[in-house]
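Secondary and tertiary structure notes
The residues making up each chain are set out below.
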Amino acid sequence: MRAERLAPYVLVAPAVLIIVALRLWPLALGVNFSFTGDGDLNGTPVGLGNYLELAADPLFRVSLRNVGLLVLLLPVAVAIPGLLATFIYLRVPGHRVYRSVYFFPAVLSPVIVGAIFNLLLGYDGPLNSLLAAFGAGPVDWLGDPGIAMFTVTGVHIWATFGMALVVFLAGFSTLDATLLDAARVDGASLARTIWHVIIPSLTRTIQFVFVTTMIGMLTSMFGLLFVMTSGGPEGSTYLPEYYIWHQQGQMNRPALASAASTVLFVVMLVVGLLQITLLRRTGRQD
Amino acid sequence: MPGTRLARWAAAVPMAALALATIYPLVFTANVAMKTRRDYVLDRFSPAASPRWDNLAEAWAGAGMARYFVNSFVVVACAVALLLLLGSMAGFALARLRFRGSSVIFLGCLAGLFVPFQVIMVPLTRVMADTGLVDTYPGLILAYVAQFLPFTVFLMTSHYRTIPAEIVDAARIDGNTVYGVYRRIMLPLGAPALLSVGILDALFCWNDVLIALLMMPSPEHRTLMIGVNALRGQYSDDIPTFASGILIAAVPVLMIYLFLQRQIADGVTAGSTKG
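Residues numbered from 1 in each chain as written. Chains lettered and ligands numbered in written order. Predicted model: local features only at pLDDT ≥ 70, side-chain atom pairs only at ≥ 80, totals over all residues.

Okay, the overall build of chain B next. When helices and strands are tallied, chain B shows 13 helices and zero strands. Secondary structure of chain B in N-to-C order comes out as α-α-α-α-α-α-α-α-α-α-α-α-α. Here chain B has a C-alpha radius of gyration of 23 Å; the compact-globule value for 275 residues is 19 Å, and the former is much larger. Summarising its shape, the C-alpha atoms of chain B cover approximately 75 × 65 × 35 Å along the three principal directions. Out of the 275 residues belonging to chain B, those deemed buried represent 47%. Taking all contacts inside chain B whose residues are at least 6 apart in sequence as the whole, residues at least 24 apart take part in 77%. (Helix = DSSP H or I, 4+ residues; strand = E, 2+ residues; numbered from the N terminus. Rg over C-alpha atoms; globule rule 2.2 N^0.38 Å. Buried ≥ 20, exposed ≤ 12 C-beta atoms within 10 Å, placed from the backbone. Contact = placed C-beta atoms within 7 Å.)

With that out of the way, let us pick up the overall build of chain A. Within chain A one finds 13 helices and zero strands. In chain A, the succession of α and β elements from N to C terminus is α-α-α-α-α-α-α-α-α-α-α-α-α. C-alpha atoms of chain A, sized along the principal axes, occupy 75 × 75 × 40 Å. The buried share among the 286 residues of chain A stands at 44%.

Attention shifts here to the UniProt feature "transmembrane region" (unreviewed entry) in chain B. UniProt feature "transmembrane region" (unreviewed entry): in the numbering of this structure it lies at residues 12–34, 68–92, 104–124, 136–156, 193–215 and 239–260 of chain B. Along residues 68–92 of chain B, the helical share is 100% and the strand share 0%, with 36 Å between the first and last C-alpha atoms. (UniProt positions renumbered as here; feature names shortened; annotations may be inferred.)

Next up on the list: the environment of R37(B). Residue and element names in this part refer to chain B. Following the sequence through the fold, R37 ends up in helix α2 (residues 37–42). Looking at R37, the number of C-beta atoms within 10 Å reads 13, which means it is partly exposed. Counting along the chain gives 226 residues from R37 to Q263, while the straight-line C-alpha distance between them is 40 Å. If sequence neighbours within four positions are ignored, R37 has contacts with D238 and P240.

With that settled, the discussion passes to the nonpolar core. Among the nonpolar cores identified, the biggest contains 173 residues, and A15(A) and V145(B) are the most heavily contacted of them. By residue number, the principal contributor to this core is helix α4 (residues 65–96) of chain B, which donates 16 residues. In this structure V145(B) touches I18(A), A79(B), L82(B) and L83(B), once residues within four positions along its chain are discounted. (Core = buried A, V, L, I, M, F, W, Y, C linked by C-beta atoms within 7 Å.)

Moving on: the packing of helix α5 (residues 110–121) of chain A against helix α12 (residues 224–234) of chain B. Contact geometry of α5(A) with α12(B) gives a least axis separation of 9 Å together with a crossing angle of 20°. If you check the angle between α5(A) and α12(B), you find them roughly parallel. Where α5(A) crosses over α12(B), the two elements pack in a sense that is left-handed. Contact residues: α5(A) offers V111(A), I112(A) and A115(A), while α12(B) offers M225(B), V228(B), N229(B) and R232(B). (Axes fitted to C-alpha atoms, helices over the stretch in contact; angles between N-to-C directions. Parallel < 35°, antiparallel > 145°, perpendicular 65-115°, else oblique. Left-handed = near helix turned anticlockwise from the far one by under 90°.)

Turning our eyes to something else, we now look at the confidence of the model for chain B. All names here are of chain B. For chain B, the average pLDDT comes to 87, and 96% of its residues sit at 70 or higher. When pLDDT is averaged over each element of chain B, α4 comes out on top at 95 and α2 at the bottom at 79. The ipTM assigned to the predicted complex is 0.88, against a pTM of 0.90. (pLDDT = per-residue confidence, 0-100.)

Residues and elements named next belong to chain A. One non-glycine residue, S230, lies in the positive phi region at around 50°. Take S230: it is sitting in the loop between α11 (222–228) and α12 (240–250). With phi around 55°, N252 is a residue other than glycine that occupies positive phi space. Position of N252 among the secondary structure elements: in the loop between α12 and α13 (254–285).

This part is about the environment of P93(A). Take P93(A): it is sitting in the loop between α3 (58–89) and α4 (95–103). With near-sequence residues (within four places) excluded, P93(A) lies in contact with R8(B), W9(B) and A12(B).

What follows deals with helix α7 (residues 148–172) of chain A. Residue and element names in this part refer to chain A. An ideal rise of 1.5 Å per residue puts 36 Å on 25 residues; α7 measures up with 35 Å between its terminal C-alpha atoms. Its axis deflected by about 45° at T160, α7 carries its strongest bend there. Across the 25 residues of α7, 20 count as buried, placing the element largely inside the fold. (Expected span 1.5 Å × (residues − 1). Bend = angle between axes of the 7 residues up to and from the residue.)

Helix packing geometry: the angle between the two helix axes and the distance between the axes. Residues and elements named next belong to chain A. Where helix α8 (residues 177–185) meets helix α9 (residues 190–201), the closest approach of the two axes is 11 Å, and the angle between their N-to-C directions is 170°. Comparing the axis directions of α8 and α9 gives the class roughly antiparallel. Of the residues in α9, those in contact with L179, L180 and A183 of α8 are T193, V197 and S201. Considered class by class, the residues forming the contact of α8 with α9 number four nonpolar, two polar and no charged. (Nonpolar A, V, L, I, M, F, W, Y, C, P; charged D, E, K, R; others polar.)

Next up on the list: α12(A). For an α-helix the count is 3.6 residues per turn, leaving residues at separations of three or four pointing the same way. Most of α12(A) is tucked away: nine of the eleven residues are buried. A positive phi of about 55° marks N252(A), the residue just after α12(A).

Relative to the assigned elements, F208(A) resides in helix α10 (residues 203–219). For the pair F208(A) and V167(A), spaced 41 residues apart in sequence, the C-alpha separation works out to 8.7 Å.

Shown next, in the form of structure tokens:
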């Protein structure tokens, strides 16, 4: 009987051990580590030294500014799949095909997506020859510091909007169809139907998509940056995750990288909580 | 309103254009892979005159992609097997067994879900280096298991919560031990969830760049995605061969997508509806 009572613990033990040892413990270790020095100062406490250095580092400031840009673009990245899902739900001609087609890039690795778009977006590449055929361009998609970050973000959205689309469609399947019928009987326009019926009914789904899309933007663009721009041109496409990788692996500054990790974690917590509060409040007003 | 036929067709046009924009990049790459270098320089868009399989053979052999494939396959297979085993064990216990501390443990697993890899990559690499696991297969496998275990436990727990507790109780009365219930009842009943979580975990591991880059520094240990990226330097002046490499690396995932699309979508949405 004693073995039986221990059984639940035996079942959860391996998972708990791995999660604690390799996810939660490193988090504490990293925060602790960020207050120590690099190189000759390895292991010695330096107080807020790393954080001050981060604040003064133009590259890290660019990476934070780019985070701000991503947060501003977030509504677009959520609205596109949301609108597409609405049309698919309303059975636009060909809706079955669209669902599978749109989702398809979401399963490709950022390396493959990045490599394909490197071909398409090169200065003498196909997209520019296409633009030239219409008398426009050429645009230096990946070489112009003012454009490159938008290009990479656009590619990221291209590659991931299918994920959010599928989540939206799952949300739609819980939608009360009689509400839509009522709107139709009342002769409401499409825009009004979306605003007054669909959005209020899908608050939870929208909230979920906002938070996961933001996490995706802040933590899964490394592959694209690595393949498409390496943080360039002129450091204009740095994001915290790329900065952390660069400082740790390339510059041998692990403690500084840990400080950047801690800042990223705090930024994510703040933005995430802010979103949830904001969305809750708008949800309540309706 | 949405019902009018005209409005539906008006929406269908941009949606069809977007669908084209979603597919075209891969079609373009496949077409380039079939061209000679000369054809590519002369005209990028025209359909390849006659399909050239030489490029594919060159990318496969010249870049040693077989090695990368084997590396990726071994690591992903082991990681997914472990994830499913540990995830279903923990999920069963958390969903259907009553024991002290279970809610704290569940919250701990959830917390793991909100720690992005980027935030712990420095200390984790250090822990791996200190234990001699960097640049070894077990090291990368363990890193993947740690990365995707919270997600796996979470989804398996919510799946097992949909299975009636009476089934567990009945099996216990029939004289099964807890482990017997897990092996004979819960594992088979978990099959649909194990399939969609397993595919998703496999995709995540297969497509990963950052973890593989950190955990497997030597060239002979490169996973497929790191290897494909290395092709870029090797074939910088031979775009058709490079495109062939991309195509070869994309094929396994495309196959999985064609056959298991529904399971992938189920896995993606499970978190949103049950969370």
